[in-house]
Structure formats: C-alpha cells, structure tokens
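# Per-entry structural report
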Amino acid sequence: MDAAIINTTPLIEKESIVEFSFPKGDVLDTEEKRQERQARIKRGTRLGNSLKRKVKIVFEDIEGLKKVETTIWGFTDKNVILKKTTIIPIRCIHEVKFY
C-alpha cells in the first residue's frame, strides 16, 4: 500500500471499532498478499504478547480506510483480537505495519 495513502488515512481509537460495519469480501486481491498479511498478523501478535509492542493496522470498513495503533492480543482464522475483545475481520485488513 502506498505510504501517502497510509499517511492520509484517519487514525481512530480502538474503542470506536465496535461501531463499524465491515465489507463482506476480502480487501486484498491475491493469495500472495493474503499470505503476507497473515504472516504480519502472526508477527504482530508475537511482538504484542512478548514485548508489549504496538502495530499500525490499516483496515477498511464500509465507509473507507482507517488505521489504528494497538497491540494485537491474538487472532483466529477470521479475526484479529485487540484489547477488550475488540475484533477486526482479517478480510478487512490491508496492512499491518511495525514501528
């Protein structure tokens, strides 16, 4: 994803995610990109659990792109789990960035 797009994407509080509606289809168009996303989610989870490091997640709801800076606590086959059982569907995540 283009850095200019990421920089102009609104940063939201993780607590507001529960109010969002998400598109049904996957936002990534190739299996290769989906596998890379899955690997980055796994790495972000390890960083969050062992080092308490935050990641930046760029995702899409029905209104458009958003980003959140948070710790990934876990994931399932379909969702990323954040603090206080907040979830983001994996199919809606464009990118997981480390910093």
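The preceding data block contains the structure.
Let me sum up the structure you'll find in this document. (Residues numbered from 1 in each chain as written. Predicted model: local features only at pLDDT ≥ 70, side-chain atom pairs only at ≥ 80, totals over all residues. Heavy atoms only, no water.)

What follows concerns the pairing of strand E1 (residues 55-61). Put simply, side chains in a regular strand alternate between the two faces of the sheet. Burial analysis of E1 places 6 of its 7 residues in the buried class, which makes it a mostly covered element. Sheet topology note: the E1/strand E2 (residues 64-70) ladder contains 7 bridges and is antiparallel. Looking at E2, one finds that Phe-59 is bridged to Lys-66. What sits between the antiparallel neighbours E1 and E2 is a turn of 2 residues. The sheet contact formed by E1 and strand E6 (residues 93-98) spans 5 bridges and is antiparallel. Paired with Val-55 across the two strands is Phe-98, which belongs to E6. (Buried < 20%, exposed > 50% of the residue type's maximum accessible area, 1.4 Å probe, protein only. Helix = DSSP H or I, 4+ residues; strand = E, 2+ residues; numbered from the N terminus. Pairing = 2+ DSSP bridges.)

As a further point, take the pattern of salt bridges. Close approach of charged atoms allows side chains of opposite charge to pair. A full pass over the atoms with the stated rule returns 9 salt bridges. A salt bridge links Arg-37 to Asp-26, with the shortest nitrogen-to-oxygen separation between them at 2.8 Å. With a gap of 11 residues between them, Arg-37 in helix H2 (residues 31-51) and Asp-26 in the loop between helix H1 (3-8) and H2 connect regions that are remote in the sequence. When its relative accessible area of 6% is taken as the criterion, Arg-37 is described as buried. (Salt bridge = Lys/Arg side-chain N within 4 Å of Asp/Glu carboxyl O.)

Backbone geometry at Lys-52 places phi at a positive 55°, although glycine is not the residue there. Checked against the element boundaries, Lys-52 lands in the loop between H2 and E1. Notably, Thr-85 is not glycine yet its phi reads approximately 55°, a positive angle. Position of Thr-85 relative to the elements: it lies in the loop between strand E4 (79-81) and strand E5 (87-89). In this structure Thr-85 comes out as exposed when scored by relative accessible area, which is 69%.

Glancing now at the sheet that holds E4. An order of E3-E4-E5 is seen for the 3 strands of this open sheet, with the pairing classed as antiparallel. Edge strands, defined here as strands with exactly one partner in the open sheet, are strand E3 (74-75) and E5. Pairing of E3 with E4 involves 2 bridges; the strand directions are antiparallel. Residue pairing for E4: Gly-74 is matched across the bridge by Ile-81.

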